[in-house]
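Descriptive structure summary
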Amino acid sequence: MTAAEGKEKRDAGRRSALEILKNYSGPDVRIMEVCGTHTHEIFRLGIRKILPPSVKMISGPGCPVCVTPVNYIDEALMLAGEHGCTICTFGDLVRVPGTSSSLQKQRGAGAKVKVVYAPSDAVEYAAAHPGEQVVFLSVGFETTTPSVCLAVKDAMERGVENFSVLTANKTMPGAYEAMKDSTDLFLYPGHVHAIIGTGICEQLAERGVSGICAGFTAPELVTALAVGVTRFERGEPFFVNCYPRVVKAEGQPAAVRLVAEMMEPCDSEWRGIGEIPLSGMKLREKYASYDARVRFSLPKVTGRVNPACRCGEVLQGKCLPSDCPVFGKGCTPEHPVGACMVSGEGACSAFYLYGG
Ligand code: SF4
């Protein structure tokens, strides 16, 4: 086949997937995006606008910043304030409101808060500033947890003792269990399953929970959604990996082994959903001296969300961002009231940027 013929064939495939999706006439179907990047791409590419009314996209709890609870921000503020630590974090967390302040406001008041692009940057900073206690804010799913483990290992091996992590790492299978009755099929996060493989998706399908794994480009998303509605119409539970160039059944065993060696499951609180048993990860006893909660003997903190914010319901697909009374008024990306408006993966910011 010539290159031109190959392109023609791919274009035809894409057109037919688009036609299948646009002309779907089967039973009503709710599809939950369990990935903030999918949420944003689906909005940005205008895919919602071509769907028939019977296909409803629901934004789920797949944005790591959005599901991190208020009390975690309060813990970080305590470390920056009372303990005088230098906080190293990914950018979005800086603007997430805690109970009474944010890291951004505390930085304005003199707290040391640095934005980093990888956990290893925080280790380098700690090594270069031995007089400071450096805490990395470790939030994220299976995709980011291995890099946190590598950073802790690196700090240990190099004797960087003024480095620790405040963990709020979460795992997806618990969220699938918690959300499975809110959707007819999951649009699984490709990045997560590139790490953990597709075993959990197959097991859920055997228990009647359907899903598709998708990539992030327009053809990948349209094709996956077309496959999803076509299979849904047949009425049998299913799982289809529509992202096989990246997601393999076995995932990345080396990354999974590293995390299992250094971390163990723990109960974890998800914003709006509550505590999901064994859905979090914390450092094992052997690495406890790198756990900021242990090192600074942090007390248990109870956070309080702004009562106007409906992030919890948005994250469970129970309401649209535009149903929130302060959406676009008191709450905008410049002046966020809740985490879903702060994060570049949040449903409220996607609604605000691209329109509902
Ligand atoms: S619009 Fe703002 S306040 Fe309302 S749910 Fe979204 S983030 Fe929370």
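Note on numbering: residues in each chain are counted from 1, in written sequence order. For a predicted model such as this one, the threshold for reporting local features is a pLDDT of at least 70, and the threshold for listing and counting side-chain atom pairs is 80 or more; totals across whole chains, interfaces and linings nevertheless cover every residue.

This next bit is on the overall build of the protein chain. In terms of regular secondary structure, the protein chain is built from 17 helices and 11 strands. In terms of overall size, the protein chain behaves like a compact globule, its C-alpha atoms giving a radius of gyration of 21 Å where 356 residues would be expected to give roughly 21 Å. For the protein chain, the C-alpha atoms occupy an extent of roughly 65 × 45 × 40 Å along the three principal directions. Helical segments are the DSSP runs of H or I of at least four residues, strand segments are the runs of E of at least two, and each set is numbered from the N terminus. The globule rule is 2.2 Å times the number of residues to the power 0.38, and the radius of gyration it is compared with is taken over C-alpha atoms.

The environment of the ligand is made up of 15 residues, and the closest members are Cys309, Cys324, Cys331, Gly338 and Cys348. Looking at the shell around the ligand, the elements with two or more residues in it are α15 (311-315) and α16 (339-342). A molecule or strand has a residue near it when that residue's C-beta atom, placed from backbone coordinates, lies within 6 Å of it.

On to the packing of helix α2 (residues 36-44) against helix α17 (residues 347-354), then. Two measures define how a pair of helices packs: the angle their axes make with one another and the distance between the axes. Note on definitions: angles span 0 to 180 degrees between N-to-C directions of axes, and those axes are lines fitted to C-alpha atoms, for helices only across the stretch in contact. Direction vectors running N to C along α2 and α17 enclose 15°, while the axes themselves pass 9 Å from each other. Between α2 and α17, the crossing angle belongs to the class labelled roughly parallel. Seen from above, α2 lies across α17 with right-handed handedness. On the side of α2, the interface is formed by Thr39, His40, Phe43 and Arg44, while α17 contributes Ala347, Ala350 and Tyr354. Note on residue classes: Ala, Val, Leu, Ile, Met, Phe, Trp, Tyr, Cys and Pro are nonpolar, Asp, Glu, Lys and Arg are charged, and everything else, Gly too, is polar. Residue composition of the contact of α2 with α17, by class: 4 nonpolar, 2 polar and 1 charged. Note on terminology: angles under 35 degrees are roughly parallel, angles over 145 are roughly antiparallel, angles of 65 to 115 are roughly perpendicular, and the others are oblique. If you view the pair so one helix is near and one far, a crossing is left-handed when the near helix is turned anticlockwise from the far one by less than a right angle, and right-handed when it is turned clockwise. By definition, residues are in contact whenever their C-beta atoms, placed on the basis of the backbone, come within 7 Å of each other.

An automatic or database domain assignment supplies the start and end points of every domain. The domain architecture assigned to the protein chain consists of domain 1 (24-63 + 173-241), domain 2 (65-171 + 255-295) and domain 3 (311-354). One C-alpha centre belongs to domain 1, the other to domain 2, and the line joining them spans 30 Å. Among the elements of the structure, α9 (172-179) and α10 (190-196) are those that each provide at least two residues to the side of domain 1 that touches domain 2. Grouping the constituent residues of the side of domain 1 that touches domain 2 by class yields 8 nonpolar, 3 polar and no charged.

The buried count for α17 comes to 6 of 8 residues, which makes it a mostly enclosed element. Any residue surrounded by 20 or more other C-beta atoms within 10 Å of its C-beta is treated as buried, while 12 or fewer makes it exposed and the intermediate range makes it partly exposed; C-beta atoms here are placed from the backbone. The complete set of buried residues in α17 reads Ala347, Cys348, Ser349, Ala350, Phe351 and Tyr352. Looking at the buried side of α17, the elements it contacts are α2, β2 (55-59), α15 and α16. Immediately downstream of α17, the backbone of Gly355 shows phi near 85°, a positive value.

Paired strands, as defined in this entry, are two strands with at least two bridges between them according to DSSP. Sheet architecture is open: 6 strands sit in the order β4-β3-β5-β6-β11-β10, paired in mixed fashion. The open sheet is flanked by β4 (113-115) and β10 (263-270), the only strands paired with a single partner. Mean inter-strand twist for the sheet, computed between neighbouring axes without regard to direction, equals 25°. Bridge count between strand β3 (residues 86-89) and β4: 3 bridges; the pairing is parallel. Each bridged residue has a counterpart across the sheet, and for Thr89 the counterpart in β4 is Val115. The strands that helix α7 (residues 119-128) touches are β3, β4, β5 (134-140) and β6 (163-170); relative to β5, the one it contacts most, it runs at about 175°.

Here the focus is α7. Three or more residues of α7 are buried, namely Pro119, Ala122, Val123 and Ala126. Angular distribution of buried residues about the axis of α7 spans 100°; they occupy a single face of the element. Contacts from the buried residues of α7 go to β3, β5, α8 (145-158) and β6. Arc, as used here, means the arc of the directions from the helix axis to the C-beta atoms.

Turning our attention to the environment of Gly312. As for its position among the elements, Gly312 is in helix α15. Counting along the chain gives 42 residues from Gly312 to Trp270, while the straight-line C-alpha distance between them is 8.8 Å. Among residues more than four places away in sequence, those in contact with Gly312 are Arg271 and Gly272.

Relative to strand β11 (residues 274-283), β6 is paired through 2 bridges, and the arrangement is antiparallel. For Lys170, the partnering residue across the bridge sits in β11 and is Gly280. Examined bridge by bridge, β10 and β11 share 7 bridges and lie antiparallel to one another. Paired with Cys266 across the bridge in β11 is Gly280. Connecting β10 to the antiparallel partner β11 that follows it, the hairpin turn spans 3 residues, and Gly272 within it adopts a positive phi of roughly 85°.

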